[in-house]
Structures are given as structure tokens and as C-alpha cells.
Amino acid sequence: DSGVTQTPKHLITATGQRVTLRCSPRSGDLSVYWYQQSLDQGLQFLIQYYNGEERAKGNILERFSAQQFPDLHSELNLSSLELGDSALYFCASSVGLGTGESYNSPLHFGNGTRLTVT
Amino acid sequence: AQKVTQAQTEISVVEKEDVTLDCVYETRDTTYYLFWYKQPPSGELVFLIRRNSFDEQNEISGRYSWNFQKSTSSFNFTITASQVVDSAVYFCALRISTSGTYKYIFGTGTRLKVLA
């Protein structure tokens, strides 16, 4: 168990709809990353937050947005869903920046949310 | 360019064979970390190992071993006496520091099929 919790595990919705994916990082981790993995594809970086602030953006569509709350949990909002948005969405956390333990801390991944858009 | 190349898209071996998964990386940074992750058919991503750029010692953990060579920018992963449970997609990743944060660059993964 990585300690990263993602909900829901599965989500089935229709095109045009909006969904919210939730992530609770490991205790003590300040940094949260979101990744998208389409069928038989690699991991596409979407966005990263550190202690509530956006730190880096990857290939995130304008229809997608995210935030990290004061309790450090994060939500990824996907709107105007299209069939091509069907994928496994991962959240990962790490201690964050700095020295000491954070310097060699790996990313710990949640089990992912499998989104199916019909 | 900063990137990770896993040239082997899919490998099939028979149980008990040894198999090596290749990972070649490119980075301008002198300080970086390398990681391997395993994604079994159930879908979760499991952290296997990290290695920093200053530590070229090879590592062995049971049937798993890792060979880090800075001279060839490679961080290869060998499974000895493979088992069916090793069947998974394996990702190699590079972590660099950029713009005040850490960026993780993943390879495209190698799907390993171990046949009984």
C-alpha cells in the first residue's frame, strides 16, 4: 500500500459531462502530481501542486483543471468529456522539495481512477 | 533534451529465463535521480528502486538487479529466473530539478510477458 488514496476507483460517464477525481497524498507529502495513462500508453504528466500552489503544468487540456486544498488533498476536474478522455488517471505524491529525505523521495502512486466516457 | 528511452516495447520470455529491460536517459543535469516502477495487470504503479546520479553501485534485491552506468547513460534492470508474477509493464523514470520543483520524465514502458 503506497499510502496514496484515489477515489473513485472506477467512473463511467457520458460525453459532455463533468467529473471530479480525488486524491489524498501520503501523510507528510506536500507535493501531488497528476498523470493520465490512456490504453496501452505511457504516463502523460498533467499537473503538479506543492503545498497548495501549482508548480508545473504538462499536457493538460483547458477542459481539465486541478487544485490542492489546505489539507493537501487534491482534485482533478474534467469537463466537457470526450470519448478520448477515457483513461486511467493517477495521482502521485512525494515529500516535495528541499534536502534530506525529500531529496531522494520517490513518487508514490495511488491505484488510479479508471474513467470510461461513453 | 531530457528524456528516457525504453526501446523494448514488449518482451516475452519463458519462466526461469533471465531478462534485462533497457533504459537509456538523456539529461543536461549533473544531479538527478533514476527510478524503476512496475505496473502489474491490476494497474497500480509500484515503486521498485531509486538511484542518484552519484551512486553507480549496482544493486541486487532478490531476483532483481540494476546496473547503472553513467558512461552510457543507462540504468538497466535484470530479472533473474523470471516468474509469471513478473509479468507487468515496467517504467523507467528520470527526475530532474527545474524551475524550483522536481520533474519526472517517464519512459514509454516495456511490457514483460513471462510464459509458464
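Note: the structure precedes this text.
Residues numbered from 1 in each chain as written. Chains lettered and ligands numbered in written order. Predicted model: local features only at pLDDT ≥ 70, side-chain atom pairs only at ≥ 80, totals over all residues. Heavy atoms only, no water.

### Digging into the overall build of chain B
In plain terms, the rule: Helix and strand assignments follow DSSP, with helices taken as H or I runs no shorter than four residues and strands as E runs no shorter than two, numbered in order from the N terminus. C-alpha atoms define the radius of gyration, and 2.2 Å times the number of residues to the power 0.38 defines the globule rule. For the exposure calls, accessible area comes from a 1.4 Å probe over protein chains only, and a residue counts as buried if that area is under 20% of its type's maximum, exposed if over 50%, partly exposed in between. Note on definitions: a residue-residue contact is assigned when non-hydrogen atoms from the two residues lie within 4.5 Å. Computed with a 1.4 Å probe, the accessible areas rest on the Shrake-Rupley method; for each residue, only the protein chains presented here act as cover. Two residue types count as positive, namely Lys and Arg, and two as negative, namely Asp and Glu; His and chain ends fall outside the count. One atom stands in for each charge, and that atom is NZ of Lys, CZ of Arg, CG of Asp or CD of Glu.
From N to C terminus, chain B includes zero helices and 12 strands. Shown N-terminal to C-terminal, the secondary structure of chain B runs as helices and strands in the order β-β-β-β-β-β-β-β-β-β-β-β. Scaling as 2.2 N^0.38, a compact globule of 116 residues should have a C-alpha radius of gyration of about 13 Å, and chain B matches this with 14 Å. Among the 116 residues that make up chain B, the fraction classed as buried is 47%. By sequence separation, contacts in chain B at least 24 residues apart represent 56% of the contacts at least 6 residues apart. Put simply, chain B shows about 5,500 Å² of open surface, and 48% of that area lies on carbon and sulfur atoms. Put simply, chain B has 12 plus and 12 minus side-chain charges, and the middle of one group is 6 Å from the middle of the other.

### Some remarks on unusual backbone geometry
The linkage connecting A:Thr7 with the following residue, A:Pro8, adopts the cis geometry, with an omega of -10°. Of note, A:Pro8 is situated in the loop between β1 (5-7) and β2 (10-13). Unusually for a residue other than glycine, B:Lys16 sits at a positive phi of about 85°. Along the polypeptide, B:Lys16 turns up in the loop between β2 (10-14) and β3 (19-21).

### Focus: the interface of chain B and chain A
As a reminder of what qualifies: Summed over both partners, the accessible surface that disappears when two parts come together, traced with a 1.4 Å probe, is what is meant by buried area. Just to be clear on terms, a salt bridge is a Lys or Arg side-chain nitrogen sitting within 4 Å of an Asp or Glu carboxyl oxygen. Here a polar contact is recorded for every N or O atom pair within 3.5 Å, except that within protein the pair must consist of a potential hydrogen donor and a potential acceptor, and residues adjacent in sequence are included only if both atoms are side-chain atoms.
Counting residues at the interface gives 19 residues for chain B and 23 residues for chain A. Note on chain B versus chain A: buried area summed over both sides is about 1,900 Å², and carbon and sulfur give 54% of it. For the chain B face of the interface with chain A, the top three residues by lost area are B:Leu45, B:Tyr102 and B:Tyr104, together amounting to 31%. For the pair chain B and chain A, the interface holds zero salt bridges. Across the chain B-chain A interface, the total number found is four residue pairs in polar contact (both at pLDDT 80 or more).

### Points about the nonpolar core
Convention followed: Put simply, a nonpolar core is a bunch of buried Ala, Val, Leu, Ile, Met, Phe, Trp, Tyr and Cys residues held in one set by side-chain atoms that sit within 4.5 Å of each other.
In terms of nonpolar packing, the biggest core is built from 25 residues, with B:Trp36, B:Phe77, B:Tyr90, B:Leu94 and B:Leu112 touching the most fellow members. Elements with a contribution of two residues or more to this core: β2, β3, β5 (33-39), β8 (64-69), β9 (74-79), β10 (88-98) and β12 (110-115) of chain B. With five residues, β10(B) is the single largest residue contributor to this core. Once residues within four sequence positions are removed from consideration, B:Phe77 is found in contact with B:Val19, B:Thr20, B:Leu21, B:Trp36, B:Leu48, B:Tyr64, B:Ser65, B:Trp66 and B:Tyr90. Core analysis: the second largest hydrophobic core is formed by 21 residues, A:Leu11, A:Phe64, A:Leu81 and A:Ala87 among them.

### Concerning the layout of surface pockets
Selection rule: Think of a 1 Å grid over the protein atoms and nothing else: a 1.4 Å probe that fits but is trapped marks a cavity, an open set flanked by protein within 12 Å on at least five of seven lines marks a pocket, and residues with an atom within 4 Å of a point count as lining. Grid points are joined across faces, edges and corners, and a volume is the space filled by probe spheres set on the points. In the scheme used here, Gly and all other residues not listed as nonpolar or charged are polar, with Ala, Val, Leu, Ile, Met, Phe, Trp, Tyr, Cys and Pro taken as nonpolar and Asp, Glu, Lys and Arg as charged.
Counted as a void, the largest pocket has a volume near 530 Å³. For the lining of the largest pocket, the secondary structure elements donating two or more residues are β9 (87-94) and β11 (113-117) of chain A together with β10 and β12 of chain B. Among the elements that make up the lining of the largest pocket, the one with the highest residue count is β12(B) (four residues). Of the residues assigned to the lining of the largest pocket, the class counts are 10 nonpolar, 12 polar and four charged. Computed from the structure, the second largest pocket encloses a volume of approximately 300 Å³. As for the second largest pocket, its lining consists of 19 residues, and the residues nearest its centre are A:Phe45, A:Gly58, B:Lys103, B:Tyr104 and B:Ile105.

### Concerning the environment of A:Leu21
Residue and element names in this part refer to chain A. One can find Leu-21 in strand β3 (residues 19-24). Residue classification places Leu-21 among the buried positions, given a relative accessible area of 0%. In this structure the C-alpha to C-alpha distance between Leu-21 and Glu-82, which are 61 residues apart in sequence, comes to 16 Å. Among residues more than four places away in sequence, those in contact with Leu-21 are Thr-7, Leu-11, Trp-34, Ser-74, Glu-75, Leu-76, Leu-78, Tyr-89 and Thr-113.

### Details of the pattern of salt bridges
Taken as a whole and judged by the stated rule, the model has eight salt bridges over all chains. Here B:Arg51 ties to B:Glu59 by a salt bridge, and the two come within 2.9 Å at their closest N and O atoms. Accessibility expressed as a relative area gives 6% for B:Arg51, which makes it buried. Accessibility expressed as a relative area gives 30% for B:Glu59, which makes it partly exposed. Each of A:Arg63, A:Glu82 and A:Asp85 takes part in salt bridges that share partners, so that together they form one network.

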